[in-house]
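Structural features, examined
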Amino acid sequence: MKIKHDVLQHYRAPDLLARIESALLNAGKSRAEVGIDDLAPADEFHLRGPLATGELIELLEVVPGMHVLDAGSGLGGPARRLAHATGCKVTGIDLSEDYACAGTVLNQWTRLDKQVDFVVGDATDLGRFQANSFDAAWTIHASMNIPDKSRFYSEIARVLKPGARFVAYDVLTTGSQDLHFPVPWASGRSASFLQTTDDMQAVLRLTGFQQFAHRDCTAECIRFLEQAQQQIAQQELPTLGLHLLFGPRFRDMIANLARNFADGRATAAVVTCTNAA
């Protein structure tokens with residue numbers, strides 16, 4: 001399928017783990033002493049990074065012993081931070097084999113492999129998981145690559161227990177104008193599928209979610225990107241960062257995302273709801 005091909009090509013990084021290890025060594029860190037904060041600039045590459053992850057952890061309200069689904073887990077930084085902070089177990093699924101395999105090794109390096117595991121797969125087809133098998137779920141900057149939102153949310157609702165909490169943190173479109181590309185989740189339009197805030201909540205309701213709370217965090221994201229651009233302009237790149245994942249094109253990705261927010265083409269929001277099924 002062309003859409004999956006375009007998404008996978010965007011995230012293709014067969015030597016990603018070697019790049020991360022080399023960067024860690026340059027920073028004076030060995031595998032034996034790597035922690036989640038050391039990896040965060042590369043493996044929590046969503047807007048506002050670990051700060052946003054911490055806020056999402058609070059919203060998820062999980063406790064030790066719970067099993068959480070991370071739909072679109074990427075390199076797994078948020079999953080590891082969630083497991084470390086709460087003592088829960090996290091299973092992540094991601095379309096990119098490069099990311100899921102690298103994330104599995106990073107679980108070992110951070111000594112979280114007993115709590116966190118990743119599988120390669122399509123988040124719109126969670127058939128490997130039984131119904132009502134997860135205590136909570138989240139998705140962080142993943143739906144932007146998924147055209148079939150109804151199938152995506154329906155599958156999450158199916159595998160969640162009744163009353164379980166679901167938190168979604170996404171970039172959304174205002175519907176006014178096309179985006180500037182490339183952006184961190186897509187090199188072009190063929191891999192980008194943003195929804196409006198109203199459409200997102202409507203589809204979530206139709207797929208079995210209720211009790212909504214919505215927080216617009218566009219202003220905070222704009223400030224985050226402004227700081228990132230200042231660092232780039234001053235050539236103050238962190239040892240680990242988006243450049244390890246995307247190479248030189250990361251500069252255009254950051255600049256275009258900032259333009260999309262500034263022009264009113266995109267917004268960012270966190271939606272919290274519960275599974276009614």
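This report concerns the structure included in the present document. (Residues numbered from 1 in each chain as written. Predicted model: local features only at pLDDT ≥ 70, side-chain atom pairs only at ≥ 80, totals over all residues. Heavy atoms only, no water.)

1. With respect to the overall build of the protein chain
Quick note on the threshold: Note on conventions: DSSP H or I runs of at least 4 residues are helices, E runs of at least 2 residues are strands, and numbering of each starts at the N terminus. Throughout this description, buried means an accessible area under 20% of the type-specific maximum (1.4 Å probe, protein chains only), exposed means over 50%, and partly exposed covers the range between. Here, two residues are considered to be in contact whenever any of their heavy atoms come within 4.5 Å of each other. Note on charges: Lys and Arg go in the positive column, Asp and Glu in the negative column, and His and the chain ends are not counted at all. A charge is said to be at NZ when it belongs to Lys, at CZ for Arg, at CG for Asp and at CD for Glu.
The helix and strand tally for the protein chain stands at 11 helices and seven strands. If one aligns the C-alpha atoms of the protein chain with their principal axes, the spans along those axes are about 50 × 45 × 35 Å. Per-residue burial over the protein chain gives 53% buried out of 277 residues. Sequence-distant contacts in the protein chain: of pairs separated by 6 or more residues, those separated by 24 or more amount to 79%. Looking at the protein chain, you have 26 positive and 32 negative side-chain charges, and the mean spots of the two groups are 2 Å apart.

2. A few points about the nonpolar core
Side chains that are nonpolar tend, in soluble globular proteins, to be buried together. So the rule is basically this: Here, nonpolar core means buried Ala, Val, Leu, Ile, Met, Phe, Trp, Tyr and Cys residues that are tied together by side-chain atoms lying within 4.5 Å of each other.
If you look at the biggest cluster of nonpolar residues, it comprises 64 residues, and the most contacted ones within it are I20, L47, L82, Y169, W185, L245 and F261. A total of six residues in this core trace back to one element, the largest contributor, which is helix 11 (residues 250-262). If we ignore the near neighbours within four places in the chain, the residues touching Y169 are H46, L47, R48, A52, L56, T139, I140, H141, C217, C221, A269 and V270. A123, A137, A269 and V271 belong to the second-largest nonpolar core, a separate cluster that totals 27 residues.

3. Some points on the sheet that holds strand 2 (residues 89-94)
The test is simple: Any two strands are treated as partners once DSSP identifies two or more bridges connecting them. Every axis in this analysis is a line fitted to C-alpha atoms, fitted for helices over the stretch in contact. Angles between the N-to-C directions lie between 0 and 180 degrees.
Strand order in the open sheet formed by seven strands is 3-2-1-4-5-7-6, and the pairing between neighbours is mixed. Where the open sheet ends on each side, the last strands, each with one partner, are strand 3 (116-120) and strand 6 (209-216). In this sheet, neighbouring strand axes are inclined to one another by 15° on average, regardless of whether the strands run parallel or antiparallel. In the sheet, strand 2 pairs with strand 3 via five bridges, with the strands oriented parallel. In the sheet register, V90 faces strand 3, and the bridge partner there is V116. Each of strand 1 (67-71), strand 4 (134-140), strand 5 (160-173), strand 6 and strand 7 (266-275) touches helix 7 (residues 149-159); the most contacted strand, strand 5, lies at about 155° to it.

4. A short note on the side chain of T91
How we decide: Counting of polar contacts relies on pairs of N or O atoms within 3.5 Å, with two restrictions inside protein: one atom must be capable of donating a hydrogen and the other of accepting it, and residues adjacent in sequence are counted only when both atoms are side-chain atoms.
With respect to the helices and strands, the residue T91 is situated in strand 2. With relative accessibility at 4%, the residue T91 sits in the buried group. A distance of 2.8 Å separates the side chain of T91 from the side chain of H67, its partner in a polar contact. Non-local contacts of T91, meaning those with residues more than four positions away in its chain, are made with H67, V68, L69, D70, D117, F129 and F134.

Taken by themselves, the reported measurements are silent on function.
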